[in-house]
Amino acid sequence: MGKVVLVTGVARQLGGRFVRRVQREPGVDRVIAVDAVAPSHPLGDAEFVRADIRQSALARILAEYAVDTVVHLDVSGKALGTAGRTAIKETNVIGTMQLLGACQKSPTVQRLVVKSSTSVYGSAPRDPAVFTETTPPKSLPSGGFAKDAVEVEGYVRGFARRRPDVAVCVLRFANILGPRPDSPLADYLSLPVLPTVFGYDPRLQFVHEDDVIDVLGIAAREPRRGTLNSGTFNIAGDGVLLLSQCSRRLGRPTVPVLLPAVTWVGSALRTIGMTDFSPEQIRLLTHGRVVSTVQMRETLGFRPEFTTAETFAEFARSRGPGLLPPETVGRAVDRLAELPLPGGAGPRERGAGAVQTTHGAR
């Protein structure tokens, strides 16, 4: 009998794509697709089970279908439909607790894959230039999706201690972009004018949604010879981009805002429903974040097809032309970068090695 794979979060575009992909994996006999919302996209031959992962029905589903592999993708920073922040947090945290409780009781579950985020490292002024999987954050995220991801990983570590017989893989994804992105950062980058924090030009990493599907497939099956797909891995494309470079390539002008006023701007954007400008999002757009992908390459054995720059280029093409030609935006950004900071300081710093990266930071 082949493998039985259960996937959560299938109503989202990414979950639906993975369901259709995993059905083609050799040895997979059955795919159970679970979500509280019926998906608007096809799921191939998968069996859709409408269930809220915050409820206790998961234990029955695992037992009924004798599931041996669980891929938990229902951890997200953006709601489906009109659901608010409270519903997102409950699904992320309470839903994960319920899923892990059901997996702990199941004698058939052998592998668990959990979608997480590099946001667990936070963003702070004294952060290291590059985070590895074992680097402790200087300041733990205080709210939003980043805090949810920290709590989710804590519960997963507890599950791994209680069920050492289950292979557990946690994938910390950098910001996911591509032609069909679904994230608060993608909403921000789609604004006609990008509000930025005056005096800061953060380094950002991206991972293409196609690479996300590929690495999930690697994590969900038995490891290939010479690799190990149990543990925690940073997943990101090679290289970094500065936020100013992103605005140039999008053809979208930036509006530098003094840091004390950024929170007000974020509240205004949330009020009109344009994007989720949470405090953690503001910290990312202030200090940036870069992670090492050495373990992704050397241990997991995965090499992304798209670099950070190529991923962003795909996203930019999907957004269409901005308000201004990229050359005009570039000249304006350069002039802003040369302005002195308040208090007589020199031009803003972009940080040593902001554009060039070592192999470990790719």
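Up top is the structure.
Residues numbered from 1 in each chain as written. Predicted model: local features only at pLDDT ≥ 70, side-chain atom pairs only at ≥ 80, totals over all residues. Heavy atoms only, no water.

Enquirer: Got a minute to help me understand helix H11 (residues 308-319) in this structure?
Expert: Because each turn of an α-helix spans 3.6 residues, side chains separated by three or four positions end up pointing in the same direction. When the terminal C-alpha atoms of H11 are compared, their 17 Å separation across twelve residues agrees well with the 16 Å that a helix rising 1.5 Å per residue should span. Among all positions of H11, only Thr308, Thr311, Phe312, Phe315 and Ala316 are buried. Each buried residue of H11 sits inside an arc of 135° when the element is viewed along its axis, so together they form one side. Along its buried surface, H11 packs onto strand E7 (175-177), helix H5 (184-189), strand E9 (203-204), strand E10 (206-208), strand E12 (241-242) and helix H7 (243-250). Once H11 finishes, glycine 320 follows within two positions and takes phi at roughly 85°, a positive value. (Helix = DSSP H or I, 4+ residues; strand = E, 2+ residues; numbered from the N terminus. Expected span 1.5 Å × (residues − 1). Buried < 20%, exposed > 50% of the residue type's maximum accessible area, 1.4 Å probe, protein only. Arc of directions from axis to C-beta. Contact = heavy atoms within 4.5 Å.)

Enquirer: Which parts of the structure should I look at to understand the packing of aromatic side chains?
Expert: Throughout the structure, instances matching the rule amount to three aromatic pairs. Judged by centre distance (4.7 Å) and plane angle (20°), the rings of tyrosine 121 and phenylalanine 131 are stacked. Remark: phenylalanine 131 occurs in the loop between strand E5 (111-117) and helix H4 (144-162) and tyrosine 121 occurs in the loop between E5 and H4; sequence separation between them is ten residues. Looking at tyrosine 121, the relative accessible area reads 2%, which means it is buried. Residue phenylalanine 131 is classed as buried on the basis of its relative accessible area of 1%. Each ring, one from phenylalanine 312 and one from phenylalanine 315, has its centre 5.8 Å from the other, and the planes form 50°; the classification is tilted. (Phe/Tyr/Trp six-rings, centres within 6.5 Å; stacked < 30°, edge-to-face > 60°.)

Enquirer: Where do I start with the nonpolar core in this structure?
Expert: Taken as a class, soluble globular proteins show a tendency for nonpolar side chains to be buried jointly. Val7, Phe18, Val71, Leu171, Phe173, Leu216 and Ile235 are the most contacted members of the largest nonpolar core, which has 32 residues in total. Counting only elements with at least two residues in this core, the list comes to strand E1 (3-8), helix H1 (13-22), strand E2 (28-35), strand E6 (167-173), helix H6 (209-220) and strand E11 (231-235). Those residues in contact with valine 7 that lie beyond four places of it in its chain are Phe18, Val19, Val31, Ile32, Ala33, Val34, Val71 and Leu73. Grouped together as the second largest cluster of nonpolar side chains are 27 residues, Val49, Val152, Val156 and Val168 included. (Core = buried A, V, L, I, M, F, W, Y, C linked by side-chain atoms within 4.5 Å.)

Enquirer: Before we go on, may I ask you to explain the pattern of salt bridges in this structure?
Expert: Opposite charge on two side chains makes pairing possible when the charged atoms of those side chains draw close. Overall, the coordinates contain 18 salt bridges when judged by the stated rule. Here aspartate 52 ties to arginine 54 by a salt bridge, and the two come within 2.7 Å at their closest N and O atoms. On the basis of relative accessibility, which here comes to 25%, the residue arginine 54 falls in the partly exposed class. Taken together, the salt bridges that share partners define one network made up of Arg17, Arg180, Glu209 and Asp210. (Salt bridge = Lys/Arg side-chain N within 4 Å of Asp/Glu carboxyl O.)

Enquirer: Just checking my understanding: could you explain the packing of H7 against H11 for this structure?
Expert: Between two packed helices, the angle of one axis relative to the other and the distance separating the axes together describe the packing. Two numbers describe how H7 lies on H11: the axes approach to 10 Å, and their chain directions differ by 40°. If you check the angle between H7 and H11, you find them oblique. In the packing of H7 onto H11, the handedness of the crossing is right-handed. Residues Cys246, Arg249 and Leu250 of H7 lie in contact with H11, whose contacting residues are Ala309, Phe312, Phe315, Ala316 and Arg319. (Axes fitted to C-alpha atoms, helices over the stretch in contact; angles between N-to-C directions. Parallel < 35°, antiparallel > 145°, perpendicular 65-115°, else oblique. Left-handed = near helix turned anticlockwise from the far one by under 90°.)

Enquirer: Hey, could you run me through the side chain of aspartate 211 in this one?
Expert: The residue aspartate 211 is located in helix H6 in this model. Although aspartate 211 lies buried, it forms no salt bridge, and the closest oppositely charged side chain, arginine 21, sits 8.7 Å away as judged by the N-O distance. For aspartate 211, the side chain forms a polar contact with the main-chain nitrogen of phenylalanine 306, separated by 3.1 Å. (Lys, Arg positive; Asp, Glu negative; His and termini not counted. Polar contact = N/O pair within 3.5 Å; in protein donor to acceptor, adjacent residues only side chain to side chain.)

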